[in-house]
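Report on the structure
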Amino acid sequence: MDEEILQDFLVEAADLVEQLNEQLADLENSPTDSDLLNAVFRGFHTIKGGAGFLAITPLIEVCHRAENVFDKIRNGDVDYDASAAEVILRAFDVISDILEQLNDGEREFAENDPELLAELDALTGKAQVPVEAPSDETSPTSEPVLTLPEGVDPDGDMSDEEFEALLNQRDGASNTNGPATLTLPEGVDPDGDMSDEEFEALLNQRDGASNASSSVTLTLPEGVDPDGEMSDEEFEALLNQRDTQTSPPKVKKSVEMSSVSTPKPTSTPKPAPQPKAKKIATANKAKPAAKNSTESTVRVDTKRLDDIMNLVGELVLVRNRLLTLKGKNSNREDIANAVANLDHVTTDLQASVLKTRMQPVKKVFGRFPRVVRDLARKLGKDIILELKGEETDLDKNLVEALADPLVHLVRNSVDHGVEMPDVRVAAGKPKTGTVVLAAQQEGDHILLSITDDGKGMDPDVLRQKAVEKGMMDEQMASQLDDKSAFELILSAGFSTADQVSDISGRGVGMDVVKNMITKLNGSIDIHSVLGEGTKISIRVPLTLAILPTLMVGFNEDSYAIPLTSVQEIFDFNPEKTNKIDGQMMVRLREESIPLYFLNEWLAADKPKDNYRGDKVVIVSVGNQRAGLVVSQVNGQEEVVIKPLGVMLKSALGYAGATITGNGSIALILDLQGVVKRFQ
Amino acid sequence: MDVANEMPSFGNDMEIEDYNDEPAYLGPSTRCVLFTLENEVYGIQVQKIREVLRVGTIRQVAGANYGVLGVINVRGVIVTVVDSRVMFNMPTREVDDLSRIIIVELDEERTVGIMVDFVKEVKDIPDDKIESLSGSKENASRYIQGVAHFQDNVIILIDVDNMFMGVE
């Protein structure tokens, strides 16, 4: 298990669990609140995503079921009543327990209480086929696909090449018809003409294939034993391979189960695999797993610290100079020099301090080769991931905030974008699909893009889906241009995948991605050509701390509007407005846009009856546009965002405050809140 | 920030009375900043206070709760200023030359400024002179930690943590 990624997951999961705790409590009071239900659903989904990546099976099982339950509840199929709440809360406790144990350095977990799982299943109304249930031998088709990553994790003894070879074989085996592959080796055994190598190869294949059905895992090795041609070492190697391939926590159970039904081997040269698996398990446990303290540190090059130290030294010198100038009646030129020097030093110092927060985007990109590899194997696809611009620096907070959206997008590309190898060949494309993850700096923005050469998206299918989901009527849908049709995938509850899996296709991913990017003052752009591939571009500012804004004001009070939202500014003209249903609207190029008179809120004590000379600032808020009427527009300014203090965090309509060039405070508007305030 | 052994910095030329005019008292005591509201003397533990500021420009925030006067810039940090008179259900009054803002650190993250009429002095109040008032927790009185009768003064000790408990 990758400790670094695990720690990241734990930090994130801790937040989610805390939120879920509150949300579940709120839900008891308002069990039909759809926003709340969606939030809870997403919470479980996100934890499951992380757990799936780290292969913490019990956690996946519980989260997946809880998620299913909430899917039913939010669709209105099931009510969130007291009995449902009881089961869900128990599931929630199990999740927090597992996370707590992970936090304490525990890496192996007992099987989930089957009763709880069954109760969760019962809540969804039907005993559905658990997608990733490891002990469920009745679903051999879905099982091999999903158990694979678990087999991958504990590998410690094998070389990478060996392991890769095994994986390949197993992947191959699980994709073909399971039973056929499994009966073959038995037919081969009695054959005396085989060379050692052939035999070994077959054994390997069988070991791989045995993952397809856990009941076979133990009956097969018995067939091996009587074979006298193998040396003890060879046999041991085989056993080891099998042991490492089967994951300790969950195969343990299937081992116990099947050992009951199969006769004990009469002459086993080596102890049964079980103790061995245990040994590996304890070895893993002994690994230093330092107790997690929430990571809020940043690694800084000593050189950068030296620079800062140096600049602070300069700053002290300038201060001393100013202090001496203060005492005597000095001439203007001396003061001007000192101030110019101060300006210089502080600018450099600011840049240096900002740099300490910068981290290469590699920190996020680093996890993707693994994500893509595992996922591609799971799905039986052949995919190469190319990383570009890994050394691009961006703000630490951004690096962390971008990790999740990018995982979603890359998973989508692998799952939905790139086709199966045979489909690709049939379409005249190279068998191996390519996903390119690139980062580059563009002025004061970072441009991240995920490009695949897969099947692309069909705008017509998306339009049709939108109609089916009741998001719009047919006429509206047909009027959407292709770009807007692609953007449909960013809406909540929009998923075109018919099959729900733990990879993607719930329609939660993309709207979460969109929300997260919007929160970072970024934007998403989707470009897709049917049959050729999809490119999703994300633009985010270099740092979260500095925001380009448009300063507007009423008399001496100034307010900052994030510049990314501002579309245009024009003079207020009463002749171009009209009142529709009590709401003032302005006509702009055939479109009516609601007008909000900010002074009604921000300067309520000084009512105005004449808005002549005022300006209208057209801003985009989510998917809508709004016109804000302000007294003055003071121009652009890059501001440092500072949080509003105690008792004002909940004040609707503000994103924070900043200190302007003349030392006064300007309030930064949160446009979504502003619009809400006026509605 | 550990300020237990520091004097909070007063607005420049503020005169501070000598607080060692009593015969030496050796028992445990609590060092407090004393301020007045409507002729009553109140005290806040000095550990909680970062500094005392003269009233500069306060930027009003439309839509804020009643009692929030606005925000000020304390060396680059935006701090909310509340009116202590509103907190104690007293009529508000205009800011004058003697008005001060006491900057209180609730915890690492949260700092708040409390506007008071006049900051009097810093005093060590012997703990045995403090009567706890923990019994009644109604309305304004839940902010009150205790009352000290000390040197002909009745000092109302304020529990700032309680005052801003649950406030985001």
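Residues numbered from 1 in each chain as written. Chains lettered and ligands numbered in written order. Predicted model: local features only at pLDDT ≥ 70, side-chain atom pairs only at ≥ 80, totals over all residues.

**Details of the overall build of chain B**
- From N to C terminus, chain B includes 2 helices and 11 strands.
- Helices and strands appear in chain B in the N-to-C order β-β-β-β-β-α-β-β-β-β-β-β-α.
- The contacts of chain B with a sequence gap of at least 6 include a subset with a gap of at least 24, amounting to 57%. (Helix = DSSP H or I, 4+ residues; strand = E, 2+ residues; numbered from the N terminus. Contact = placed C-beta atoms within 7 Å.)

**A word on the overall build of chain A**
- Within chain A one finds 25 helices and 18 strands.
- Counting every position in chain A, which comprises 679 residues, the buried fraction comes to 34%.
- When contacts within chain A are restricted to residue pairs at least 6 apart in sequence, long-range pairs at least 24 apart make up 71% of them. (Buried ≥ 20, exposed ≤ 12 C-beta atoms within 10 Å, placed from the backbone.)

**Re the packing of helix H4 (residues 82-103) of chain A against helix H5 (residues 114-123) of chain A**
Residue and element names in this part refer to chain A.
- The contact between H4 and H5 brings their axes to 10 Å, and the two run at 135°. As summarised for this structure, H4 and H5 are arranged oblique, according to the angle between their axes. Considering only the axes of H4 and H5, their crossing is left-handed. Only Leu-116, Glu-119, Leu-120 and Leu-123 of H5 make contact with H4, whose side of the interface consists of Ala-84, Val-87, Arg-90, Ala-91 and Val-94. (Axes fitted to C-alpha atoms, helices over the stretch in contact; angles between N-to-C directions. Parallel < 35°, antiparallel > 145°, perpendicular 65-115°, else oblique. Left-handed = near helix turned anticlockwise from the far one by under 90°.)

**What about the environment of Lys-642 of chain A?**
- Inspection of the secondary structure puts Lys-642 of chain A in the loop between strand S16 (632-640) and strand S17 (654-659).
- In this structure the C-alpha to C-alpha distance between Lys-642 of chain A and Ala-657 of chain A, which are 15 residues apart in sequence, comes to 5.2 Å.
- Apart from the residues lying within four places of it in its own chain, the contact partners of Lys-642 of chain A are Gly-656, Ala-657 and Thr-658 of chain A together with Ile-78 of chain B.

**Describing the interface of chain A and chain B**
- Across the boundary between the two partners, chain A contributes 20 residues, which contact 21 residues of chain B.
- Of all the elements in the fold, those that place two or more residues in the side of chain A that touches chain B are helix H24 (599-602), S17 and strand S18 (665-669) of chain A.
- A per-class count over the side of chain A that touches chain B returns 14 nonpolar, 4 polar and 2 charged. (Nonpolar A, V, L, I, M, F, W, Y, C, P; charged D, E, K, R; others polar.)

**Here's the deal with the sheet that holds strand S11 (residues 577-580) of chain A**
All names here are of chain A.
- One open sheet accounts for 6 strands, arranged S10-S14-S15-S13-S12-S11; its pairing is mixed. Of all strands in the sheet, those bounded by a partner on one side alone are strand S10 (566-571) and S11. In this sheet, adjacent strand axes meet at a mean angle of 35° when their direction is disregarded.
- Strand direction decides the pairing type here: strand S14 (residues 615-621) and strand S15 (residues 624-630), joined by 7 bridges, are antiparallel. What sits directly across from Val-619, in S15, is Ala-626.
- Its contacts with the sheet put helix H25 (residues 671-678) on strand S13 (591-597), S14 and S15, and the angle it makes with S14 is roughly 110°. (Pairing = 2+ DSSP bridges.)

**Some remarks on the sheet that holds strand S1 (residues 29-37) of chain B**
All names here are of chain B.
- The 6 strands are arranged S8-S1-S2-S11-S10-S9 in an open sheet whose pairing can be described as mixed. With partners counted over all chains shown, the strands left at the sheet margins are strand S8 (118-126) and strand S9 (130-132), one partner each. Put simply, the sheet's adjacent strands are angled 35° from each other on average, direction ignored.
- Pairing between S1 and S8: 8 bridges, direction antiparallel. Its bridge partner being in S8, Arg-31 is matched across the sheet by Asp-124.

**Description of the pairing of strand S5 (residues 445-452) of chain A**
Residues and elements named next belong to chain A.
- Where strand S4 (residues 433-442) meets S5, 8 bridges bridge the pair, whose relative direction is antiparallel. When the bridges of S5 are listed, Gln-440 appears paired with Leu-447.
- Summarising the sheet, S5 and strand S7 (residues 533-541) pair through 8 bridges and their orientation is antiparallel. Looking at the pairing, Asp-452 lines up with Thr-534 of S7.

**A few points about the pairing of S13 of chain A**
Residues and elements named next belong to chain A.
- Bridge count for strand S12 (residues 583-588) against S13 is 4 bridges, and the pairing is antiparallel. Looking across to S13, one finds that Met-585 is bridged to Pro-594.
- In this structure, the hairpin formed by S12 and S13 is closed by a connection of 2 residues, where Arg-589 is found at a positive phi of approximately 45°.
- Sheet analysis places S13 next to S15, joined by 3 bridges and oriented parallel.

**What about the confidence of the model for chain B?**
All names here are of chain B.
- For chain B, per-residue confidence averages 79 on the pLDDT scale, and residues scoring 70 or more make up 77% of the total.
- Of all the helices and strands in chain B, S9 carries the lowest mean pLDDT, 80, while strand S6 (residues 100-105) carries the highest, 93.
- Across residues 1-19, where pLDDT falls below 50, the model places 29 contacts with residues more than four positions away in sequence or in other chains.
- Here the prediction assigns the complex a pTM of 0.50, and the interface score ipTM is 0.78. (pLDDT = per-residue confidence, 0-100.)

**Section: H4 of chain A**
Residues and elements named next belong to chain A.
- Helix length check: H4 (22 residues) gives 31 Å between terminal C-alpha atoms against 32 Å at 1.5 Å per residue, within 8%.
- Considered for burial, the residues of H4 that qualify are Ala-84, Ile-88, Ala-91, Phe-92, Val-94, Ile-95, Ile-98, Leu-99 and Leu-102. For H4, the arc enclosing every buried residue in end-on projection is 155°, short of the 170-degree limit, so these residues lie on one face. Opposite the buried face of H4, by more than 90 degrees, sit the exposed residues Ala-82, Ser-83, Glu-86 and Asp-93. (Expected span 1.5 Å × (residues − 1). Arc of directions from axis to C-beta.)

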